[in-house]
Amino acid sequence: MVRQFSAITLTLALLSGTLWWLRRRGFSGWRRRPEQLMEVVESRPLAPGHTLHLVRVADRAMALATHNGGCTLLETRAWSDLRPSTEARP
(Lines give C-alpha, C1' and ligand atoms only; values in the text may rest on other atoms or scores of the structure.)
Protein backbone atom coordinates (compact mmCIF):
# COMPACT_ATOMS: atom_id res chain seq x y z
CA MET A 1 0.00 0.00 0.00
CA VAL A 2 2.89 2.38 0.75
CA ARG A 3 4.35 1.62 -2.67
CA GLN A 4 1.09 2.52 -4.44
CA PHE A 5 0.71 5.72 -2.45
CA SER A 6 4.30 6.69 -3.26
CA ALA A 7 3.73 6.04 -6.99
CA ILE A 8 0.58 8.21 -7.03
CA THR A 9 2.36 10.98 -5.11
CA LEU A 10 5.31 10.92 -7.51
CA THR A 11 3.01 11.01 -10.55
CA LEU A 12 1.04 13.98 -9.20
CA ALA A 13 4.27 15.81 -8.30
CA LEU A 14 5.66 15.30 -11.83
CA LEU A 15 2.38 16.46 -13.38
CA SER A 16 2.27 19.57 -11.18
CA GLY A 17 5.89 20.39 -11.95
CA THR A 18 5.34 19.98 -15.68
CA LEU A 19 2.24 22.23 -15.65
CA TRP A 20 4.11 24.88 -13.63
CA TRP A 21 7.01 24.78 -16.08
CA LEU A 22 4.67 25.07 -19.09
CA ARG A 23 2.86 28.02 -17.51
CA ARG A 24 6.18 29.79 -16.86
CA ARG A 25 7.19 29.29 -20.51
CA GLY A 26 3.94 30.88 -21.75
CA PHE A 27 1.99 27.78 -22.72
CA SER A 28 -0.92 28.41 -20.36
CA GLY A 29 -3.67 27.80 -22.94
CA TRP A 30 -4.36 24.72 -25.00
CA ARG A 31 -4.36 26.80 -28.17
CA ARG A 32 -2.08 29.75 -28.73
CA ARG A 33 -3.57 32.81 -30.41
CA PRO A 34 -1.37 34.81 -32.77
CA GLU A 35 -2.44 38.14 -31.29
CA GLN A 36 -4.92 39.32 -28.71
CA LEU A 37 -7.84 41.36 -29.92
CA MET A 38 -8.66 42.72 -26.46
CA GLU A 39 -6.47 43.56 -23.46
CA VAL A 40 -6.79 45.42 -20.17
CA VAL A 41 -4.03 48.02 -20.39
CA GLU A 42 -4.37 49.47 -16.90
CA SER A 43 -6.73 49.34 -13.91
CA ARG A 44 -7.01 51.71 -10.97
CA PRO A 45 -9.12 51.11 -7.87
CA LEU A 46 -11.13 54.22 -7.00
CA ALA A 47 -13.09 53.06 -3.95
CA PRO A 48 -14.28 49.73 -2.56
CA GLY A 49 -16.28 48.14 -5.36
CA HIS A 50 -15.35 50.86 -7.91
CA THR A 51 -12.54 50.48 -10.44
CA LEU A 52 -11.45 52.41 -13.53
CA HIS A 53 -10.15 50.31 -16.47
CA LEU A 54 -8.39 51.28 -19.68
CA VAL A 55 -9.23 48.57 -22.23
CA ARG A 56 -7.85 48.23 -25.74
CA VAL A 57 -10.01 46.50 -28.35
CA ALA A 58 -8.27 46.26 -31.72
CA ASP A 59 -7.38 49.90 -32.53
CA ARG A 60 -9.82 51.49 -30.03
CA ALA A 61 -9.26 52.45 -26.39
CA MET A 62 -12.12 52.54 -23.91
CA ALA A 63 -12.33 53.92 -20.39
CA LEU A 64 -14.68 51.74 -18.35
CA ALA A 65 -15.87 52.17 -14.78
CA THR A 66 -16.95 49.04 -12.94
CA HIS A 67 -19.10 49.32 -9.84
CA ASN A 68 -21.55 47.30 -7.79
CA GLY A 69 -24.32 48.07 -10.26
CA GLY A 70 -22.39 46.90 -13.32
CA CYS A 71 -20.16 48.63 -15.84
CA THR A 72 -20.26 52.09 -17.44
CA LEU A 73 -18.52 53.17 -20.65
CA LEU A 74 -16.96 56.57 -19.97
CA GLU A 75 -15.11 57.34 -23.21
CA THR A 76 -13.92 55.76 -26.46
CA ARG A 77 -10.99 56.99 -28.56
CA ALA A 78 -8.64 55.74 -31.23
CA TRP A 79 -5.66 53.93 -29.72
CA SER A 80 -3.26 56.18 -31.66
CA ASP A 81 -4.71 59.28 -29.90
CA LEU A 82 -3.53 58.00 -26.49
CA ARG A 83 0.13 57.64 -27.34
CA PRO A 84 2.25 60.38 -25.77
CA SER A 85 3.57 62.95 -28.20
CA THR A 86 7.30 63.13 -28.84
CA GLU A 87 7.29 66.93 -28.64
CA ALA A 88 8.65 68.50 -25.48
CA ARG A 89 6.09 70.47 -23.52
CA PRO A 90 7.04 73.91 -22.20
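What you see is a predicted model; the values in this text were computed from it and never measured.

Calculation notes
Residues numbered from 1 in each chain as written. Predicted model: local features only at pLDDT ≥ 70, side-chain atom pairs only at ≥ 80, totals over all residues. Heavy atoms only, no water. Helix = DSSP H or I, 4+ residues; strand = E, 2+ residues; numbered from the N terminus. Contact = heavy atoms within 4.5 Å. Areas by Shrake-Rupley, 256 points an atom, 1.4 Å probe, with all protein chains shown as cover. Salt bridge = Lys/Arg side-chain N within 4 Å of Asp/Glu carboxyl O. Pairing = 2+ DSSP bridges.

The next point concerns the overall build of the chain. The helix and strand tally for the chain stands at one helix and four strands. Along the chain, helices and strands appear, N-terminal first, in the series α-β-β-β-β. Within the chain, residue pairs in contact and separated by at least 24 positions form 3% of the contacts whose partners lie at least 6 positions apart. In the form shown here, the chain has an accessible surface area of approximately 8,600 Å², with 59% of it arising from carbon and sulfur atoms.

When the charged atoms of two side chains lie near each other, side chains of opposite charge can form a pair. The final tally for this structure, using the stated rule, is three salt bridges. A salt bridge links R56 to E39, with the nearest nitrogen and oxygen atoms 3.1 Å apart. Highlighted residues: R56 in strand β2 (residues 50-57) and E39 in strand β1 (residues 38-47), separated in sequence by 17 residues.

Of the strand pairs in this sheet, β1 and β2 are connected by eight bridges, and their pairing is antiparallel. Bridged to E39 within β2 is R56. Remark: two residues form the turn of the hairpin made by β1 and β2, two consecutive strands paired antiparallel; G49 in that turn has positive phi of roughly 85°. In this structure, β2 lies alongside strand β3 (residues 60-67), joined through seven bridges in antiparallel fashion. Counterpart to R56 in the pairing with β3 is A61. Where β2 folds back on β3, the antiparallel hairpin that results is connected by two residues, among which A58 adopts a positive phi of roughly 55°.

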